Amino acid sequence: MALPEVKQSATEARLSALTLPESGCLTAARQAALSRVQTMGLPSRRDEYWKYTRPETLVQAEAVKAAVFAADETPMFSDFERLNIVFVDGVFDAEASDDLALEGVTIDRIEDICCKDIHWAKDLYGVLEARGQTPVERPLAALNTAFATDGIAIRVTGKVSKPINFTYVHSDESSDAILHHVVRVETGAEVTILENGPAASRFNKCAEIDIADGGKLHLVRAQGRDHERRAATHLFARLGTESVFKSFTLTVNGVLTRDEAVIELTGDDAVAHIAGACVGDGDFHHDDTVFITHDAVNCESRQVFKKVLRNGATGVFQGKILVKEGAQKTDGYQISQSLLLDGDSQFLAKPELEIYADDVACSHGSTSGAIDEEGLFYLRSRGVPHAEATDLMTLAFLAEAVEEIEDAEIAADIVSRLEGWLARRR
């Protein structure tokens, strides 16, 4: 079926501003992704999954300029022993990055893979993204697969001794970055991946994660603090038998952020937890869109999303749990909540369950409300100033999401940063 004229024109304008990279063994995957984009067209407000979020600035030919935020603190996770990989405006910075050699893992740039005829990532690049296009089309992810100019391929073969950290630096107010990462966690292997930084004025990132039987991956992301940045991120994960995937994302500031996650539990006894916390003020729009598919027996999924909004900020949550026929003993949990600190902010939620098995325990809930006046009064009556009391209540509200971080030291660092950021807003 032909695309509507408006969508066709917008798609052609965006594609005309891009050049398909020379890709070696990834050429077929890129061309297939380009074909998907041309068939689907880029998103518009008429698309069901974009009715709460305006995608125009994410799909237009040129990125809207975004002022570079003047950092007044050390980078996130800098106090931890880690392997640091730095991208500046979407380009790998070898001088600022650590040596990529680390026991139990191999790390390659996507650019280097393109020069090889054979590489393990060839069997993964674009595969999970393509699978994630059904039943919901995700054209910005396909655009990423086709046109990503940089990224990292990580193959984990053992228990990695320290986290791998991606630091994204925004230095050009007109930067338009497209990054694509692929991660393969082999049987019984385990790794922690950290991500932080605003990356670019407009950022399109895709991560494809394949976890083999018994593998474990812990992902912690911190997106901030540039006020004017725009970002669309996509996470596609496939879990094998008795594998574990846990993800947490913190978002502060930004005009527009759309985080999509598509997770498939394909092996029995797999566990997938995905959580997010955001703090938005003023011209801020944050959209979490999650789709989890249970396609095996005795699997557990958990979605926990908390948003704190004020001064007209908007939060969106669209989350779905699909339990396929035969996926008995499924345990699926989903909660999305917002704390509205004024009458001008709004939270839009669309929780969904679709179940085709009869021996399951699935639940979802979504609430939105103002700060607890009784709790606020309790703190004020004991001498806590109003602004500080509000921050304490805010941290308590976000706690359930932060608790999904398994590493206590990383969780404490996230809380410490939140405390500092909230204090600056008083």
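Once a new chain begins, its residue numbering starts again from 1 and follows that chain's sequence as written. With pLDDT at 70 or above as the cut-off, local features in this predicted model cover only qualifying residues; side-chain atom pairs require 80 or more to be listed or tallied, and sums for whole chains, interfaces and linings still use all residues. Hydrogens are left out, water is left out, and the side-chain values use all remaining heavy atoms of the structure.

- Labelled according to an unreviewed UniProt entry, the chain appears under the name FeS assembly protein SufD, originating from Leisingera methylohalidivorans DSM 14336.
- UniProt positions are given in the numbering used here, feature names are shortened, and annotations may be inferred rather than shown by experiment. Quoted verbatim from the Sequence similarities (unreviewed entry) field of UniProt, the annotation for the chain is "Belongs to the iron-sulfur cluster assembly SufBD family."

**Some remarks on the pattern of salt bridges**
- Here, a salt bridge means any side-chain nitrogen of Lys or Arg that lies within 4 Å of a carboxyl oxygen of Asp or Glu. Enumeration over the complete set of coordinates arrives at 28 salt bridges.
- Salt-bridge contacts for Glu111 lead to Arg109; the nearest nitrogen and oxygen are separated by 3.4 Å.
- Residue classification places Arg109 among the buried positions, given a relative accessible area of 15%.
- In this structure, the salt-bridge partner of Glu354 is Lys320, at a minimum N-O distance of 2.5 Å. Only protein chains enter the accessibility calculation, which uses a 1.4 Å probe; a residue whose area is less than 20% of its type maximum is buried, one above 50% is exposed, and one in between is partly exposed.

**Some thoughts on helix α8 (residues 386-402)**
- Segments assigned H or I by DSSP are reported as helices when at least four residues long, segments assigned E as strands when at least two residues long, and all are numbered from the N terminus. In a helix, the anticipated span is given by 1.5 Å times the number of residues less one. In a regular helix each residue adds 1.5 Å, so 17 residues correspond to 24 Å; α8 covers 24 Å between its end C-alpha atoms and thus fits that length.
- What we call the bend at a residue is the angle made by axes fitted to the seven residues finishing there and the seven residues starting there. Along its length, α8 shows its largest kink, about 25°, at Ala396.
- The complete set of buried residues in α8 reads Ala389, Thr390, Asp391, Met393, Thr394, Leu395, Phe397, Leu398, Ala401 and Val402.
- The contact rule is simple, with two residues in contact once any of their heavy atoms fall within 4.5 Å. The elements touched by buried residues of α8 are β11 (244-252), β13 (271-281), β15 (300-310), β17 (330-340), α7 (373-381) and α9 (408-424).

**Thoughts on the packing of helix α2 (residues 27-40) against helix α6 (residues 139-147)**
- Packing of α2 against α6 brings their axes to within 7 Å, and their N-to-C directions diverge by 145°. Here α2 and α6 pass one another in a crossing that is left-handed. Taken together, the residues of α6 that come into contact with α2 (itself represented by Ala29, Arg30, Ala33, Leu34, Arg36, Val37 and Met40) are Pro139, Ala142, Leu143, Thr145, Ala146 and Phe147.
- Residue type decides the class: Asp, Glu, Lys and Arg count as charged, Ala, Val, Leu, Ile, Met, Phe, Trp, Tyr, Cys and Pro as nonpolar, and the leftover types, Gly among them, as polar. Of the residues assigned to the contact of α2 with α6, the class counts are 10 nonpolar, 1 polar and 2 charged. In this description, a line fitted to the C-alpha atoms serves as the axis of each element, helices being fitted only across the stretch in contact, and the angle between N-to-C directions of two axes falls anywhere from 0 to 180 degrees. Here is the rule for handedness: rotate from the far helix to the near one, and if that takes an anticlockwise turn smaller than a right angle the crossing is left-handed, while a clockwise turn gives right-handed.

**Let's talk about the sheet that holds strand β8 (residues 202-211)**
- Pairing between two strands requires that DSSP report at least two bridges joining them. Spatially, β3-β4-β6-β8-β10-β12-β14-β16-β18 is the arrangement adopted by the 9 strands of the open sheet, whose pairing is mixed. Sheet topology places β3 (105-109) and β18 (346-355) at the edges, where each strand pairs with a single neighbour. Recorded for the sheet is a direction-independent mean angle of 10° between the axes of neighbouring strands.
- Of the strand pairs in this sheet, β3 and strand β4 (residues 152-156) are connected by 5 bridges, and their pairing is antiparallel. Bridging from a neighbouring strand, Ile107 pairs with Ile154 of β4.

**A word on the domain arrangement of the chain**
- Each domain span listed reflects an automatic or database assignment of domains. Assigned domains within the chain: domain 1 (1-66 + 83-370) and domain 2 (374-425).
- Between domain 1 and domain 2, the C-alpha centre-to-centre distance is 27 Å.
- Across the domain 1/domain 2 interface, buried area totals approximately 2,100 Å², and carbon plus sulfur atoms make up 69% of it.
- What counts as buried area is the accessible surface, traced by a 1.4 Å probe, that two parts surrender upon association, with contributions from both included. Three residues stand out in domain 1 for area buried against domain 2, namely Arg225, Phe248 and Lys306, and they jointly supply 24% of the buried area on that side.
- Counting across the interface, domain 1 meets domain 2 through 4 salt bridges.
- With its nearest N and O atoms 3.4 Å apart, the salt bridge here joins Glu400 to Arg302.
- Whenever two N or O atoms come within 3.5 Å, that pair is a polar contact, provided that in protein one can donate a hydrogen and the other can accept it, and provided that, for residues adjacent in sequence, both atoms are side-chain atoms. For the interface between domain 1 and domain 2, the tally reads 7 residue pairs in polar contact (both at pLDDT 80 or more).
- Sorting the residues of the side of domain 1 that touches domain 2 by element identifies β7 (190-196), β9 (216-223), β11, β13, β15 and β17 as the ones contributing at least two each.
- Top contributing element to the side of domain 1 that touches domain 2 by residue count: β13, with 7 residues.
- Split by residue class, the side of domain 1 that touches domain 2 holds 14 nonpolar, 7 polar and 7 charged.

**Points about empty space enclosed by the protein**
- Space inside and on the surface of the protein is sampled on a 1 Å grid over the protein atoms alone, with a cavity defined as a set of points where a 1.4 Å probe fits but cannot get out and a pocket as an open set with protein on both sides within 12 Å along at least 5 of 7 lines; lining residues have an atom within 4 Å of a point. Grid points are joined across faces, edges and corners, and a volume is the space filled by probe spheres set on the points. Applying the stated criterion across every chain, the model contains 5 cavities of 30 Å³ or more.
- Roughly 120 Å³ of internal volume is contained in the largest cavity.
- Lining the largest cavity are 16 residues, and of these Tyr168, Gly197, Phe203, Gln223 and Thr233 lie nearest its centre.
- Counting residues per element, the lining of the largest cavity draws most heavily on β9, at 3 residues.
- Its residues assigned to classes, the lining of the largest cavity shows 6 nonpolar, 6 polar and 4 charged.

**Quick look at the sheet that holds β9**
- Taken in spatial order, the 10 strands line up as β2-β1-β5-β7-β9-β11-β13-β15-β17-β19 in an open sheet, and their pairing is mixed. The sheet is open, and its two edges are formed by β2 (91-92) and β19 (360-369), each paired on a single side.
- Pairing geometry for β9 and β11, over 8 bridges, is parallel. Considered in β11, the bridge of His218 is made with Lys246.
- Packing against the sheet, α8 makes contact with β11, β13, β15 and β17, and its axis sits at approximately 155° to β15.
- Across the sheet, α9 touches β7, β9, β11 and β13, and the angle it forms with β11 is around 15°.

**Quick look at the pairing of β11**
- Here β11 lies mainly inside the structure; 9 of its 9 residues are buried.
- Residues Val244, Lys246, Phe248, Leu250 and Val252 of β11 are buried on one face, and the alternating residues Phe245, Ser247, Thr249 and Thr251, pointing to the opposite face, are buried as well.
- Bridging between β11 and β13 involves 9 bridges; their strand directions are parallel. The residue of β13 that forms the bridge with Thr249 is Gly276.

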